[in-house]
Structure formats: C-alpha cells, structure tokens
Amino acid sequence: MKRYLKYIKPYKTAFILCPILMMVEVLGEIVLPSLMARIINDGVVPGDVSMIFKIGAMMIVFILFMAAGGVGGAYFGAKASINFAADLRKDAFDNVQKFSFADIDKFSTGSLVTRLTNDVTQVQNLVNMMLRMLLRAPGMLIGAVIMAFVKNAQLAMVILFIIPFLIVIIVIVIKTAFPRFQILQEKIDKLNATVREAVTNIRVIKSFVRGDHEQEKFENANSDLKESSLRAFRVMITTMPLMGLAMNVTTLAVVWFGGKQILVGDMPIGDLTAFTTYVVQILIALMMSSFIVLQSSRAIASARRINEIIDCKPDITDDDAKCPEATVERGEIEFKDVSFRYYKNSEDPVLDKISFKINAGETVGIIGSTGSGKTTLVSMIPRLYDPDAGSVLVDGIDVKDYSLYNLRESVSMVLQKNVLFSGSIMENLKWGDEEATEEEIKKVAGMAQADGFVSSFPEGYEMDLGQGGVNVSGGQKQRLCIARALLKKPKILILDDSTSAVDTATEALIRKNFKEFCPETTKIIIAQRITSVIEADKIIVIDDGKIVGIGNHAELMKNCEAYEEIYLSQMDKEVVS
Ligand SMILES: Nc1ncnc2c1ncn2[C@@H]1O[C@H](COP(=O)(O)OP(=O)(O)O)[C@@H](O)[C@H]1O
Ligand SMILES: [Mg+2]
C-alpha cells in the first residue's frame, strides 16, 4: 500500500475532493426521502399548496447540490485514477526498459503487455471505485438505517432483521467469485498472447496457409475466456434476484406493518414512502460494498502482477562497475574460460569454457552449425547476457566494470533477428547517431551498399518503412541495419549472420568497404558461408558450445577437420551450382 503513495501525492487535491463531493451526494440521498415524506404529510394530505411549493423548492436545492456533488465526484475520481494509472504504467514500463534479455525471457513478452495494459486498468478501476464508493456505501448504509430509526424505530426493526441475511449472501458471493475472477485474469492473458502472436506474424501465417489453425487457436482461447467470464458473472447474476427477493419481502413487511400503523394513526402516510426508499438505499449500499470487495480481489491480483515487474531487479546492471568512467578505446576482446547456460539447471552448457583473444582492429569470423552457440557467444560482449563463469574483457577491462552506456555505445551489434521501426529510413538510421548529418548517413549507407536502392525509392531516405520495416526486402533490411550500426562509429562491430540475405557479390563489396573505411574497428562476423569469412584475420570454429578450431583459413584447412569439412561441402555446392 505504501508504495502507491507516490502515485497519489501529485494528485492529492483530486484524491481528497472526490470522496468529499460524493458525500454531498449521499447527504442529499439521505435527506430527500424525508422531505418527500413531509411534502405528503404536511402538503398533500392537508391540501396545503404553499407548503408543497416550499418543500418542493428545498428539494430542488438539494437535488442541485447532489448533481454538483455527483458530477464533481465523478470528475475528480476519473482524474485521480487515470493519472494514478498513467504514472504506475510509466514506472513499470521504465523498469521493463532496463530488463536484460534474461528478464524478458522470464516474463515473456505477452505477459508483459497484459500487465502493462489490462492489469493496470484493473487497478485504475479499483482506485476510481474506492474514491467514489468507499465512503459513499457505508455512508448511505448508516445514514439510511439511522434515518429509518429516527422516523419509526419499531418499523426499522424489520430492516435490521434483513441485513444479516444480505451480508451472508454477499460473503457467499465473494467466496465463490474470487477464485473465478482469478482464473478469468489468466484467460485474458492467454487470449492476449494468442491475438498478439497471430497479428504480429500474420504474414508468416498467411504464407503457410495456417489461417484456419490460428483461427481455431483463437476460438479456443476466446471461448475459454467466455466460459470463465460467464462462470464468474453467473455468481453475480444469481445473487441479484436473491437480494431483490429479500428486499421485496422487506418492503412488503414494511408496507404491511406500516399500513397497520397508519390505519390506527400511529404513523403519517408520507413516512411510509420514505421508509421504502431507505430500504432500497440499504440494498444499494450493500451491493456497492460487494462490488468494491470483488473489484478489490481482482485488482489485488493485478497489482501483484504489476509489482513483480516494478520490483524485478534487472539481472544485468552496472551498479557494481569498478570503472564507470572508462570508455572503450581500442576494441581488443578477450574471453577467459567463459561458460553459460540459459537454464541454470540444464545439464549441458550452451558455452563451455570458451577462451580466445581478438586484437584491436582485427576481422574475426565465427563459423559453426546452427545452435552451436555463436549468437550466445557474441551476446556476452555488449552484456546482453552475463557469463555464469569466466570473464569477458574489452581493452583489458572486464565488461562488468564499464558503465552499460559506455560499453554499449562502443559495441554495435547487428542482431540476427534485426528489426527496423515504423518511420522513415532516415529516422531509423539515426538510431545509430541522433546528430548525424545527411552526408554522414549517405556515407554509411554507401558502405553498407544501401545507398543505391534507397536512392532509387521515389521518396529516397524519407520513405516510410512500415511497422517492423515491412516495405523493404530481407536483404535490403539487413543492409539498412548494418548502416545503422556503422553510424554509431563503434570500436567493435558485430554482425550476427547479417548478410545471409545479401548476394555474395554485394557482400564482398560491403566487406571491402569495412576494410577501407573502418580499419581500426574490431569486426566480428558470424556467417554461414565460408566465403564471408575466408579473408578474416582469424576464424573461430565453434561446435556445440566449444571452440574446435581457431586460426586463419590456411591454418584451419591444415589442422581443423570440422572446418575443412564445412569448406569442402560448400565448395562442392558452388561447383554444382
Ligand atoms: N533465449 C534463449 N533461451 C533459451 N535457450 C536459448 C536462447 N537462445 C538460444 N538458446 C539455445 O542456446 C543454444 C545456442 O543458441 P545460439 O547461440 O542462438 O546458436 P547459433 O547462433 O549458433 O545458431 C541453442 O541450443 C538454443 O536453442
Ligand atoms: Mg545465431
């Protein structure tokens, strides 16, 4: 609860005004039935028209106050809860941005999306409801009971009789509905995940003609959600008539006993109208309370899910960095006995005691079958993951001792699953360097062999890429990603299979440009084709998380069987094709 104070503080006026204004409304609700009784007793029955007007005018004043209270309360309640939720969402989102890759794996993207949207909305609804009803419901209940007693203590006993019965119903509702609402929330998670996956990957789904399958998956999730919603709301639905019945019986009893009293002249007629209104108000107050409790149980489950995000200490931080001021100057890399597992309890490590050294400015190729651990290996350099054992040094300093900003600023990694964002090509390239001039951008695009095709677009660098960069081909996208990485002027450039969709001739030109324009940058090139790395100063051959060979092409051909095998198999293909 304490943690939420900081979201309340900036909007304390709204947080205070809302319940106060709602109390004005309650006050009106409590007073109006009495005035109604007086109009009947003192105006209608004796036929006193001026009295009717006098009390009527008073009622109008009260109604106006009530309306003002109601509208104001709703306004401030909405303002307070919406701002509260926006700040909460922002904090959660900011922390997600600090997550390491491992943290994201842990939560899964789908669940993060639900937590940031639906769960926050649940909490927002509760805040709004609390502000508007937390004082109002008991205020109305107590007010109505007191007024009933003041009017006629004997008759009020009838109401007291019904209240315990209603409370029992409410407790039963909460007990049965709570677990059902929890299940409901999980089903929403599932549905969100299905929709997200289907919509983001609609192109793949279409090309595999898996539309029907996805539809079926969606329908399952959807009907699951429907069923559990029905299950949850069925409880509410069955209790409504039950409560209604109880209240109608009470009203009937009130009219019965009240009627008798009226006949013998113990009670004025008007009081009976007031009385029945109080009975209804008591019902409403109890219903409101049950809603609050239900919404609370739902929102508490959501709050817990949000707290998990906010409290998650990103497992990669630079809090313990020993030289936060240091920057990467040369780009020398050394791995010392690095071991790593994605799942800490799995048996085989993904990287097994990897050691090697790369001098500044060298070009190094990494070759190995898929799943051998190439991507994992290079992820250790910009600290996308941290090794379980051993250490990674850049310029002789452990990567953990740099500030994350300084480290990542000097290491450009073109990811295997690279992405462009919606926006123009120019905007996308500027991710590498906000301040870059058009000339610089054209230069790096030229180096990555992207300038040619970009200039051929009618809008050139201003062309919009569409979400995820759908408007360009795979090979073009890869070249844009390389250009974006080059614009950072990195000391270390890592290309993770980044030219797989680029033809060999263009790829050779890109390599030539690297040599010519950034000779001092350390370049690590992960590739499937041996031709991509054949000229490298060093080639690291990796298999099943272990280094099986290291050296230049000629050396490896002599003393690394695995390398020779890959080479021969690829050369065979070249001859055939
Ligand atoms: N985020 C991840 N979570 C769990 N396992 C992973 C993850 N990424 C990769 N792996 C596993 O680690 C191994 C090495 O993967 P990777 O480094 O991507 O290989 P490569 O790049 O050589 O194809 C594979 O067995 C892969 O299934
Ligand atoms: Mg890979």
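For the structure itself, consult the block above.
Being a predicted model, the structure only gives us computed values, none of them experimental. (Residues numbered from 1 in each chain as written. Chains lettered and ligands numbered in written order. Predicted model: local features only at pLDDT ≥ 70, side-chain atom pairs only at ≥ 80, totals over all residues. Heavy atoms only, no water.)

Description of a nonpolar patch on the surface
Reasoning step 1: A grouping of Val44, Val45, Ile52 and Ile269 is seen on the molecular surface, where their side chains present a nonpolar patch of about 330 Å² in accessible area.
Reasoning step 2: Topologically, Ile52 is positioned in helix α3 (residues 49-98). (Patch = residues over 30% accessible without salt bridge, like charges linked within 9 Å, V, L, I, M, F, W, Y side chains within 5 Å. Areas by Shrake-Rupley, 256 points an atom, 1.4 Å probe, with all protein chains shown as cover. Salt bridge = Lys/Arg side-chain N within 4 Å of Asp/Glu carboxyl O. Helix = DSSP H or I, 4+ residues; strand = E, 2+ residues; numbered from the N terminus.)

Quick word on the packing of aromatic side chains
Reasoning step 1: Scanning the entire structure with this criterion turns up 14 aromatic pairs.
Reasoning step 2: With 5.0 Å between their ring centres and 85° between their planes, Phe340 and Tyr342 make a pair best called edge-to-face.
Reasoning step 3: With a relative accessible area of 3%, Phe340 lands in the buried category.
Reasoning step 4: Tyr342 gets classed as partly exposed once you look at its relative accessible area, which sits at 34%.
Reasoning step 5: Each residue in the set Tyr4, Tyr7, Phe15 and Phe84 is aromatic and connected to the rest through ring pairs, giving one cluster. (Phe/Tyr/Trp six-rings, centres within 6.5 Å; stacked < 30°, edge-to-face > 60°. Buried < 20%, exposed > 50% of the residue type's maximum accessible area, 1.4 Å probe, protein only.)

Some points on helix α14 (residues 438-447)
Reasoning step 1: Taken together, the buried positions of α14 are Ile441, Val444, Ala445 and Met447. The arc that holds every buried residue of α14, seen down its axis, measures 155°, which confines them to one face. Among the exposed residues of α14, those oriented more than 90 degrees off its buried face are Glu439 and Lys443.
Reasoning step 2: The elements touched by buried residues of α14 are α13 (425-429), α15 (451-456), α16 (474-487) and α17 (504-517).
Reasoning step 3: After α14 finishes, the residue Gln449 shows a positive phi value of roughly 60°. (Arc of directions from axis to C-beta. Contact = heavy atoms within 4.5 Å.)

Some thoughts on the packing of helix α2 (residues 12-44) against helix α6 (residues 136-151)
Reasoning step 1: Orientation of α2 relative to α6, taken along the N-to-C sense of each, is 20°, at an axis distance of 9 Å. Judged on the interaxial angle alone, α6 and α2 are roughly parallel. At the point where α2 passes α6, the crossing takes the right-handed sense. Residues Met22, Met23, Glu25, Val26, Glu29, Ile30, Ser34 and Ala37 of α2 pack against Arg136, Gly139, Met140, Gly143, Ala144, Met147 and Lys151 of α6.
Reasoning step 2: In the contact of α2 with α6, the residues fall into 8 nonpolar, 3 polar and 4 charged. (Axes fitted to C-alpha atoms, helices over the stretch in contact; angles between N-to-C directions. Parallel < 35°, antiparallel > 145°, perpendicular 65-115°, else oblique. Left-handed = near helix turned anticlockwise from the far one by under 90°. Nonpolar A, V, L, I, M, F, W, Y, C, P; charged D, E, K, R; others polar.)

Some remarks on the pairing of strand β3 (residues 363-367)
Reasoning step 1: Buried residues dominate β3, accounting for 5 of its 5 residues.
Reasoning step 2: Because side chains alternate across β3, one face comprises the buried residues Thr363, Gly365 and Ile367, and the other comprises Val364 and Ile366, equally buried.
Reasoning step 3: Note that β3 and strand β9 (residues 538-543) share 4 bridges and pair parallel. Residue pairing for β9: Ile366 is matched across the bridge by Ile540. (Pairing = 2+ DSSP bridges.)

So far we have only geometry, and geometry alone does not tell us how the molecule works.
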